[in-house]
Amino acid sequence: MKKFIAVAMATLMAVFCFVGCGKTDTNTPPTTTDAINVGVFYYNFADVYITSVRSNMDKMLTDLGVKFQNFDGNNNQSNQLDQINTAITNGMNLLIVNIVETSSPDAAQNAVEAAKKAGIPIIFFNREVANEVVNSYDKCAFVGTDAAEAGHMQGKLIAEVLLKDFDKYDLNKDGEISYVMFKGQEGNAEAEFRTQFAVEDADKMLTEAGKKPLKFYNSANSSKYLVDQNGAWSSQAATDYMTTILAEYTEANKNMVELVIANNDGMAEGAISALQTAGYNKGDEKMIPVFGVDAVDSAKALIKANKMTGTIMQDAEGMAKTITALVKNVKDGANLMDNTGDFNVDKNVAKIRVPYGVYTG
């Protein structure tokens, strides 16, 4: 009897184990959440707008429950590509890349080739990459803006402000508004279009209203812009330029710069710093109009304090939210560009455009 009971119990336990083990294997497969290891590569942590994107992205990726690590390219393309290759070697299987070099497609293509060799998705963002780069790999996408849109918006805003009280801004009463343009980086799509359309669109509205077009402060500069030689769009570069300018171009000399156009808020803030040292833009009536792009918090504070005139909002939160939506697709085992019907997606290329807006306080 004891032998019979022991055999029966062993048989019953074997049945339970078979059923139980089979059910666990079927219903609890390895989760994709555990498999996602994201590398986020920023062109430069020091960039004010990028800092805002990074802050939003950190929170959203944390809330999504994925493992991630941020990398600072420090505005060095070779360094960033080394970081990407090392991250892949260390097991990161989703790349989010704010590419450093934008003047040619080579750097972005090299990053794509590294991702393709590893068979992992890559999402570029903010700094435009060529269509052919994105289309070279079915697990590649870009999240950014319509580069020309910011220039058009800024040009319209500048003209509207000037036309409200043209004589007030025309300090030397020559019928023209003298301006300086801080471009940022040569060969960057955003910088190129902002530089072009901010002036072209403002000129069009001014001339239609019977005013003269804008005049670059230095007639010897045929480019009609100043570029950050380090390609960093930095506040310091604008401060240095503006300090030098204000030593020669003054109200006393009747050639004062009467308008500052900057392709990002960092350079706008740098110009304001130099203007304040010279006694301008301290929140009173002695104000040179300064316009930027990004609508970062520090620029918004300057606008509210009447130390800066306006900025074009590049939506850092929207940028991070859109990127995170693509990360969620990968996490859930979907295709990279699934569930993007509500986004503004380019035709025939996996590029999503986050819209700009105007901010004047």
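Residues numbered from 1 in each chain as written. Predicted model: local features only at pLDDT ≥ 70, side-chain atom pairs only at ≥ 80, totals over all residues. Heavy atoms only, no water.

K.L.:
Describe the packing of aromatic side chains, with residues and values.
P.N.:
Under the counting rule described, the total for this entry stands at eight aromatic pairs. Between Phe-41 and Phe-71, the ring centres sit 4.7 Å apart and the planes meet at 10°, which makes this aromatic pair stacked. Highlighted residues: Phe-41 in strand S1 (residues 37–42) and Phe-71 in strand S2 (residues 67–72), separated in sequence by 30 residues. Grouping residues by exposure puts Phe-41 and Phe-71 together as buried. Of the aromatic side chains, those joined through ring pairs into one cluster are Tyr-179, Phe-216, Tyr-217 and Tyr-249. The ring centre of Tyr-43 lies 3.8 Å from the NZ or CZ of Arg-127, which sits over that ring. Here the guanidinium or amino end of Lys-351 rests over the ring plane of Phe-142, the centre of that ring lying 5.5 Å away. (Phe/Tyr/Trp six-rings, centres within 6.5 Å; stacked < 30°, edge-to-face > 60°. Helix = DSSP H or I, 4+ residues; strand = E, 2+ residues; numbered from the N terminus. Buried < 20%, exposed > 50% of the residue type's maximum accessible area, 1.4 Å probe, protein only. Lys NZ or Arg CZ within 6 Å of the ring centre and 35° of its normal.)

K.L.:
I'd like a rundown of the packing of helix H11 (residues 265–277) against helix H12 (residues 297–304), residues and numbers included.
P.N.:
For any two helices packed against each other, one specifies the crossing angle of their axes together with the interaxial distance. Running from N to C, H11 and H12 point in directions that differ by 45°, and their axes come no closer than 9 Å. As far as their axial angle goes, H12 and H11 are oblique. As H11 runs across H12, the sense of the crossing is left-handed. Of H12, the residues touching H11 (which contributes Asp-265, Glu-269 and Ile-272) are Ser-298, Ala-299 and Leu-302. Considering only residue class, the contact of H11 with H12 consists of three nonpolar, one polar and two charged. (Axes fitted to C-alpha atoms, helices over the stretch in contact; angles between N-to-C directions. Parallel < 35°, antiparallel > 145°, perpendicular 65-115°, else oblique. Left-handed = near helix turned anticlockwise from the far one by under 90°. Contact = heavy atoms within 4.5 Å. Nonpolar A, V, L, I, M, F, W, Y, C, P; charged D, E, K, R; others polar.)

K.L.:
Break down the sheet that holds S2 for me, citing the residues and quoting the values.
P.N.:
Taken in spatial order, the seven strands of this open sheet run S2-S1-S3-S4-S5-S13-S12, and their pairing is mixed. Edge positions in the sheet fall to S2 and strand S12 (344–345), since each of these pairs with one other strand and no more. Direction of pairing for strand S4 (residues 122–125) relative to strand S5 (residues 140–144): parallel, over a ladder of four bridges. Bridge pairing links Phe-124 to Phe-142 in S5. (Pairing = 2+ DSSP bridges.)

K.L.:
Account for the pattern of salt bridges, naming residues and giving values.
P.N.:
In this structure the tally under the stated criterion is 13 salt bridges. Among the ionic pairs, Glu-285 bridges to Lys-168, the shortest N-O distance being 3.9 Å. You can see Glu-285 sitting in the loop between H11 and strand S10 (290–294) and its partner Lys-168 sitting in helix H8 (residues 166–169), a full 117 residues away along the chain. The class of Glu-285 is exposed, set by a relative accessible area of 66%. Between Arg-353 and Asp-346 there is a salt bridge whose closest N-O contact spans 2.9 Å. When its relative accessible area of 14% is taken as the criterion, Arg-353 is described as buried. One continuous salt-bridge network, built from bridges that share partners, spans Glu-128, Asp-346, Lys-351 and Arg-353. (Salt bridge = Lys/Arg side-chain N within 4 Å of Asp/Glu carboxyl O.)

K.L.:
Please set out unusual backbone geometry residue by residue, giving values where relevant.
P.N.:
You will see that Asn-75, though not glycine, has its phi angle at about 60°, which is positive. In this structure, Asn-75 sits in the loop between S2 and helix H4 (77–89). Its identity as a non-glycine residue notwithstanding, Ala-295 has a phi of 60°, on the positive side.

K.L.:
Go over the pairing of S4 with me, naming the residues and quoting the values.
P.N.:
Residues Ile-122 and Phe-124 point to one face of S4 and Ile-123 and Phe-125 to the other, with burial holding for every one of them. Relative to S4, strand S3 (residues 94–97) is paired through three bridges, and the arrangement is parallel. Among the inter-strand pairings, Leu-95 is bridged to a residue of S4, identified as Ile-122. Crossover connection from S3 via helix H5 (residues 106–118) to parallel S4: handedness right-handed. (Right-handed = clockwise from strand over helix to strand, strands pointing away.)

K.L.:
So what's going on with the environment of Ala-325? Which residues, and what values?
P.N.:
For Ala-325, the location among the structural elements is in helix H13 (residues 316–331). Using a relative accessible area of 27% as the deciding quantity, one classes Ala-325 as partly exposed. Residues Ala-325 and Ala-46, spaced 279 residues apart in sequence, show a C-alpha to C-alpha distance of 26 Å.

K.L.:
Kindly report on the packing of helix H7 (residues 147–164) against helix H9 (residues 189–208), identifying the contributing residues and their values.
P.N.:
The N-to-C vectors of H7 and H9 enclose an angle of 35°; their axes lie 7 Å apart at closest approach. Classified by chirality, the crossing of H9 by H7 is right-handed. Here the contact of H7 with H9 is built from residues that sort into 14 nonpolar, four polar and five charged.

K.L.:
Outline the layout of surface pockets, listing residues and values.
P.N.:
In this model, the largest pocket occupies a volume close to 260 Å³. Taken together, 16 residues form the lining of the largest pocket, with Val-161, Tyr-169, Asn-306, Met-308 and Thr-309 sitting closest to its centre. If you list the elements that add at least two residues to the lining of the largest pocket, you get H7 and H8. At four residues, the largest contribution of residues to the lining of the largest pocket is made by H7. Here the residues of the lining of the largest pocket sort into eight nonpolar, three polar and five charged. (1 Å grid on protein atoms, 1.4 Å probe; cavity = no way out; pocket = protein on both sides within 12 Å on 5 of 7 lines; lining within 4 Å. Points joined across faces, edges and corners; volume = space filled by probe spheres on them.)

Don't take any of this as a statement about function, it's just geometry.
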